[in-house]
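Analysis of the macromolecular model
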Amino acid sequence: MWDDAGLGVDMGELRGTHVPVLLDRCLSLLGPALERADKEHTVHVDATLGLGGHAEAVLAAHPRTVLIGLDRDQEALAHARARLEPYASRTHLVHAVYDELPDVLERLGYERIDSALFDLGVSSLQLDAPDRGFAYAQDAPLDMRMDQSRGITAEEVVNTYGVPELTRVLRVYGEEKFAARIASAIARERAKAPITSSALLASLVRDAIPAAARRTGGHPAKRSFQALRIEVNGELAALESALPAAPDALAPGGRLVVMSYHSLEDRITKRALAERARSTGPVDLPVELPGSGPTLRLLTRGAELPSDDEVAANPRAASVRLRAAERIDEVGDQTSVGRAARERPRRRISPLRQPQQSKRDGGHASQEGDKQDKGEAT
Ligand SMILES: C[S@@+](CC[C@H](N)C(=O)[O-])C[C@H]1O[C@@H](n2cnc3c(N)ncnc32)[C@H](O)[C@@H]1O
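Thresholds applied
- Note on numbering: residues in each chain are counted from 1, in written sequence order.
- Reporting in this predicted model follows two pLDDT cut-offs: at least 70 for local features of residues, and 80 or more for side-chain atom pairs to be given and counted; totals over whole chains, interfaces and linings ignore these cut-offs and use all residues.
- On a range of 0 to 100, pLDDT expresses the predictor's confidence in each residue.
- Any residue pair is listed as a contact if its two C-beta atoms, each placed from the backbone, are within 7 Å.
- For each residue, a C-beta atom is placed from the backbone, and the residue is labelled near a molecule or strand when this atom is within 6 Å of it.
- Helix and strand definitions here come from DSSP, where helices need a minimum of 4 consecutive H or I residues and strands a minimum of 2 consecutive E residues; each element is numbered from the N-terminal end.
- When residue character is reported, Ala, Val, Leu, Ile, Met, Phe, Trp, Tyr, Cys and Pro are called nonpolar, Asp, Glu, Lys and Arg charged, and the others, Gly included, polar.
- Simply put, an axis is a line fit to the C-alpha atoms, just over the touching stretch for a helix, and the angle between two N-to-C directions goes from 0 to 180 degrees.
- Take the buried Ala, Val, Leu, Ile, Met, Phe, Trp, Tyr and Cys residues, join any whose C-beta atoms are within 7 Å, and the set you get is a nonpolar core.
- To assign burial, the other C-beta atoms lying within 10 Å of each residue's own C-beta are counted, with C-beta atoms placed from the backbone; 20 or more indicates buried, 12 or fewer indicates exposed, and intermediate counts indicate partly exposed.
- Marked domain ranges trace back to an automatic or database domain assignment.

Per-residue pLDDT for the protein chain has a mean of 84; in total, 83% of the residues score no lower than 70. Low confidence marks residues 1-17, where pLDDT is under 50. Its contacts with residues over four positions away, or in another chain, come to 22 contacts. In this model, residues 333-378 is a region of pLDDT below 50 whose contacts with residues beyond four sequence positions or in other chains number 87 contacts.

Structure representation (C-alpha cells):
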C-alpha cells in the first residue's frame, strides 16, 4: 500500500502541476493557533492531504507542530508520504475518510487539535490520472472512486440507478438543467449495452444537451461528471458529518479553515460554522446560560474569494470559497473527542441513496496505515 517506488512517485513533476490553493491565506489564518506560547507542541489536521502541498507549508512554518494528515485516496497518501519525508518524525498519515476524524484521533491518542484544514474536492493527481475516470476529456473506465478499495463506481451508478434517481443526482449535484434528458439518454444507451467508458458517457451527455446550450458553460459533460463524482464518493454526506466533528475536536483558540469548490459544499460549511457562532440561549436573557453561548467566532466575513492574481497563477483556485472560524468556548469535558463526536447525532442532507461509505461497509482508517502511523509517530 505504501510502495512509493512501485507508484513511480516523481514529486518534482507533481509539485509543478499542483499549486496549493490560497496557501498564504491559509497559513495566516492557521498560524495563531499553531504558534501558542503556552503549548510545547501543537497539532494540525489536514483532512484532505492530497499531494501534501498545504501540509508541507504548515510543517515548514511551524517546527513545533505535529501533522495528522488524512486522505481516502491511497495513491495521494503515497505521494504525500514521499513529499513529507523530511518531516516524518512529526507526521501521522492515515488512510481515512475525514468523517472518521474522531476515531483517528482516539486511536492516535490525541484529545484535542489546534487546527484543521479542509481543501475539498478532487486533486490534480486524481483529475489527471488517465485511468481513474474523473476527467471527461480522457477515455477511461468509469470509476471515479477516490478510494479505489471500496464503494460503488460511477459505472455502477450510471448502469443501475433508475432514471428519476439519476436525474436527481445530475440536477442536485451537477446543477444540470438538462438532467432529465441526459438520464433518459443514458437509460436508452444502457438498454443496448452497459456504459463502461468515460468517453462514451461524455459523448452521450453532449448529444443529450441542445446544441444552443452546448455553446456556453464550458464542456457540456463537466457538470454531469462532477455530479457523478459527488454521488460516488458520498462527498456531501461526509462533509455534513465532518464539520461538526472537526470543531468539536478543536482546543480553545483552535482554528478551522474550509475551502469549497461547489455551492453545496459551501452551503454546508456556512451553515455548520454559523450554527456554532451564535448563542442557542433565550434572546431576552442578559447573560448566557451555561453551555448556550457560541462556540466559534467567524474569522471571515462571508466566503472569501481568490484574487485575480491567485486565479491567474493557479486556475484551480477560480471557484474556491474560503471560510474560517476559531473555537472560543472553554472545552469543559477534556475526556474524549471521539466520544463527544460519536454521541452527536449525524444529519444527512441528501435524500438520495448514498454509496457504501466507510461507516456503512464497516471500513475504518486502514489498519496498515495505522501500523505505519504508530511506527512513525513521535
Ligand atoms: C483538493 S485535494 C487537496 C490538495 C492538498 N491541499 C494539497 O495541497 O495537495 C483534495 C484531496 O482530498 C481527498 N478527499 C476528498 N474527500 C475526502 C474525504 N471525504 N475524506 C478524506 N479525503 C478526502 C481527495 O482524495 C484529494 O486527495
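Following the structure, the description resumes.
Our focus in this paragraph is the site of the ligand. In the neighbourhood of the ligand, 21 residues make up the surrounding shell, with Thr48, Gly50, Gly53, Asp73 and Asp119 lying closest. Those elements that provide at least two residues to the shell around the ligand are helix 4 (53-61) and strand 2 (65-71). Looking at the shell around the ligand, its residues break down into 9 nonpolar, 8 polar and 4 charged.

A few words now on the packing of helix 6 (residues 101-108) against helix 14 (residues 235-249). Packing of helix 6 against helix 14 brings their axes to within 9 Å, and their N-to-C directions diverge by 35 degrees. Residue-level contacts link Leu101, Pro102 and Leu105 of helix 6 to Ala242, Ala245, Ala246 and Ala249 of helix 14. Partitioning the contact of helix 6 with helix 14 into residue classes produces 7 nonpolar, no polar and no charged.

Our next topic: the nonpolar core. Within the largest apolar cluster, 92 residues are counted, with the highest numbers of intra-cluster contacts made by Ala47, Leu101, Ala242, Ala246, Val257 and Met259. Counting residues per element, this core draws most heavily on helix 14, at 9 residues. Split by domain, this core shows at least three residues from each of two domains, domain 1 (4-125 + 235-376) and domain 2 (148-232). Setting aside residues up to four positions removed in sequence, Ala242 forms contacts with Ala47, Tyr98, Asp99 and Leu101.

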